[in-house]
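Topology and contacts: notes
What follows is the residue order along each chain.
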Amino acid sequence: MDLLKSINVDKIRNAAEDAFNQAKPKTDVESRVYEALSHKNWGSSSTLLNQIAQDSFDYDKFPTITRLMWEAMENQRPAAWRVVFKGLNLLEHLVKNGSERCVDDARNHSHTLRQLHQFNYYEGTVDRGVGVREKSKQLVEMIGDDELIREERNKAKQMRERFGASVGGGGGGDF
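Read on for an overview of the structure.

Criteria and thresholds
- Note that residues are indexed from 1 along each chain, following the sequence as it is written.
- Local features in a predicted model are, by the rule used here, given only for residues with pLDDT of at least 70; side-chain atom pairs are given and counted only at 80 or more, and totals for whole chains, interfaces and linings are based on all residues.
- Only heavy atoms go into the side-chain values, all of them from the structure, while hydrogens and water stay out.
- Definition used for salt bridges: Asp or Glu carboxyl oxygen within 4 Å of a side-chain nitrogen of Lys or Arg.
- Put simply, DSSP marks the helices as runs of H or I at least four residues long and the strands as runs of E at least two long, and each gets a number from the N terminus on.
- Each residue is assigned to one of three classes by its accessible area relative to the maximum for its type, calculated with a 1.4 Å probe on protein chains only: buried under 20%, partly exposed between the two thresholds, exposed over 50%.
- Axes, fitted as lines to C-alpha atoms, cover a helix only where it is in contact. Angles between the N-to-C directions of the axes lie from 0 to 180 degrees.
- Any angle that is under 35 degrees is reported as roughly parallel, and any over 145 degrees as roughly antiparallel; angles of 65 to 115 degrees are reported as roughly perpendicular and all others as oblique.
- Contacts are residue-level and defined by heavy atoms, with any inter-residue pair within 4.5 Å sufficient.
- Classification used: nonpolar for Ala, Val, Leu, Ile, Met, Phe, Trp, Tyr, Cys and Pro, charged for Asp, Glu, Lys and Arg, polar for all others including Gly.
- A helix's residues, less one, multiplied by 1.5 Å, set its expected span.
- In this scheme the handedness of a crossing depends on how the near helix is turned from the far one: anticlockwise by less than a right angle means left-handed, clockwise means right-handed.

Under the criterion given, the structure shown has 12 salt bridges. The salt bridge partner of arginine 67 is glutamate 71, with a shortest N-O separation of 3.8 Å. Here glutamate 71 and arginine 67 lie together in helix α5 (residues 62-74), a separation of 4 residues that amounts to about one turn. Judged by relative accessible area, which is 39%, arginine 67 ranks as partly exposed. Across the pair lysine 96 and glutamate 152 runs a salt bridge, and its minimum N-O distance is 3.5 Å. Taken together, the residues lysine 96 in helix α6 (residues 81-97) and glutamate 152 in helix α10 (residues 146-163) connect sequence positions 56 residues apart. Its relative accessible area of 16% is what places glutamate 152 among the buried residues. Beyond isolated ion pairs, a larger network of salt bridges with shared partners links Glu92, Lys96, Lys135, Glu152 and Lys155.

Right, dumping it as structure tokens:
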């Protein structure tokens, strides 16, 4: 009986969406993005995020990455708060480590980020939407400040150089 109490429609739906995304025929880029945006209870690895950031420098892969990322943030029901939060984390990583087109794309979708300031979802008495609200506010602040973007991209570039990662062609940015 306790098992039935712990299972709810949202958990079943989240598991079904993950299974569907795993089974769907897709390219390597789509696989990486779907993995980064899964319903799983843990965040994406930095290796995976760095691979996606590297892919953002490819003219043909960039639209696929951004389409899937924005779909994750725009079309989700509140119970899929983890996917929205992971989409925001991916966007932050792309702004800091991806191609400069990621910054322009984030600015073009600032209305979506602002809408997430009101994101709400509660599991019982636990506010699961607070992370989404805070992350969206941080991103809006960052993409509105050229100097902050330049600093963050430079910090990310220094980290990549320090740890020997080969992510990002330029990374410094002209903002």
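Back to the text.
Take the packing of α6 against α10 next. Where α6 meets α10, the axes come as close as 7 Å, and the angle between the chain directions of the two elements is 85°. In terms of orientation, α6 lies roughly perpendicular with respect to α10. Of the residues in α10, those touching α6 at Leu94, Val95, Lys96 and Asn97 are Glu152, Arg153, Ala156 and Arg160. The class makeup of the residues in the contact of α6 with α10 is 3 nonpolar, 1 polar and 4 charged.

Once that is clear, we can look at helix α9 (residues 130-143). Here α9 spans 20 Å end to end across 14 residues, near enough to the 20 Å set by a 1.5 Å rise per residue. Here α9 has its buried residues at Val132, Arg133, Lys135, Ser136, Leu139, Val140, Met142 and Ile143. At its buried positions, α9 is contacted by α6, α7 (100-108), α8 (110-115), β2 (126-127) and α10.

The next thing to look at is helix α4 (residues 46-55). Among the residues making up α4, those that are buried are Leu48, Leu49, Asn50, Ile52, Ala53 and Asp55. Elements in contact with the buried residues of α4: α3 (28-36), α5 and α6.

Right, let's talk about the environment of phenylalanine 62 for a bit. Mapping phenylalanine 62 onto the fold places it in helix α5. With 37 residues separating them along the chain, phenylalanine 62 and serine 99 place their C-alpha atoms 8.8 Å apart. Beyond its immediate stretch of four places on either side in the chain, phenylalanine 62 contacts Asp55, Ser56, Ser99, Arg101, Cys102 and Asp105.

Two numbers describe how α5 lies on α7: the axes approach to 12 Å, and their chain directions differ by 35°. Handedness of the crossing formed by α5 with α7: right-handed. Judged by residue contacts, Phe62, Thr66, Met69 and Trp70 of α5 engage Arg101, Cys102, Asp105 and Ala106 from α7. Class assignment for the residues of the contact of α5 with α7 results in 5 nonpolar, 1 polar and 2 charged.

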